[in-house]
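Here are the chains, one letter per residue:
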Amino acid sequence: MSETDTKLMTVSDVAERTKVTTQIVYRWIATGELDFYNLGTGSKKASFRISEEHLKTFLESSEGMKL
């Protein structure tokens, strides 16, 4: 899959998919556990997006850990 074909998900999408709250997803982002794109650079409010590949890598590295 090329980068231009990469599906980007919102924090809410990731929370729903992993069955956790958005606060937990934001914690994963803040601690660097989950890679993300910040589409809100230069604005007052960040707009985080997570690629399918980043989520897959995160989930594989977290296997066995309690989400």
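We now turn to the structure provided with this report. As the structure is a computational prediction, the values presented were derived from the model and not from experiment. (Residues numbered from 1 in each chain as written. Predicted model: local features only at pLDDT ≥ 70, side-chain atom pairs only at ≥ 80, totals over all residues. Heavy atoms only, no water.)

What follows concerns the packing of aromatic side chains. Summed over the entire model, instances satisfying the criterion amount to three aromatic pairs. Judged by centre distance (4.5 Å) and plane angle (45°), the rings of tryptophan 28 and phenylalanine 58 are tilted. Taken together, the residues tryptophan 28 in helix H2 (residues 22–30) and phenylalanine 58 in helix H3 (residues 52–61) connect sequence positions 30 residues apart. Residue tryptophan 28 is classed as buried on the basis of its relative accessible area of 7%. On the basis of relative accessibility, which here comes to 4%, the residue phenylalanine 58 falls in the buried class. Aromatic pair phenylalanine 36 and phenylalanine 48: ring centres 4.9 Å apart, planes at 85°, arrangement edge-to-face. Of this pair, phenylalanine 36 sits in the loop between H2 and strand S2 (37–38) while phenylalanine 48 sits in strand S3 (residues 48–51), placing them 12 residues apart in sequence. Under the relative-accessibility criterion, phenylalanine 36 is labelled partly exposed at 33%. (Phe/Tyr/Trp six-rings, centres within 6.5 Å; stacked < 30°, edge-to-face > 60°. Helix = DSSP H or I, 4+ residues; strand = E, 2+ residues; numbered from the N terminus. Buried < 20%, exposed > 50% of the residue type's maximum accessible area, 1.4 Å probe, protein only.)

Glancing now at the packing of helix H1 (residues 11–18) against H2. Axis separation between H1 and H2 bottoms out at 8 Å; the angle between their running directions is 110°. On the basis of the axis angle, H1 is roughly perpendicular to H2. Together, Val11, Ser12, Val14, Ala15 and Thr18 of H1 and Thr22, Val25, Tyr26, Trp28 and Ile29 of H2 make up the contact between the two elements. Looking at side-chain class alone, the contact of H1 with H2 contains seven nonpolar, three polar and no charged residues. (Axes fitted to C-alpha atoms, helices over the stretch in contact; angles between N-to-C directions. Parallel < 35°, antiparallel > 145°, perpendicular 65-115°, else oblique. Contact = heavy atoms within 4.5 Å. Nonpolar A, V, L, I, M, F, W, Y, C, P; charged D, E, K, R; others polar.)

Going through the model one piece at a time under the given rule, you end up with two salt bridges. A salt bridge links arginine 17 to glutamate 52, with the nearest nitrogen and oxygen atoms 2.7 Å apart. A residue pair is termed long-range when its members are at least 10 positions apart, and arginine 17 in helix H1 and glutamate 52 in helix H3 qualify at 35 residues. With relative accessibility at 48%, the residue arginine 17 sits in the partly exposed group. Residue glutamate 52 is classed as partly exposed on the basis of its relative accessible area, which comes to 24%. (Salt bridge = Lys/Arg side-chain N within 4 Å of Asp/Glu carboxyl O.)

What follows is about the sheet that holds strand S1 (residues 8–9). Sheet architecture is open: three strands sit in the order S1-S3-S2, paired in antiparallel fashion. Every interior strand has two partners, whereas the edge strands, S1 and S2, have only one. Bridge count for S2 against S3 is two bridges, and the pairing is antiparallel. Along S3, the bridge assignment pairs tyrosine 37 with arginine 49. Packed on one face of the sheet, H3 meets S1, S2 and S3 and runs near 70° to S3. (Pairing = 2+ DSSP bridges.)

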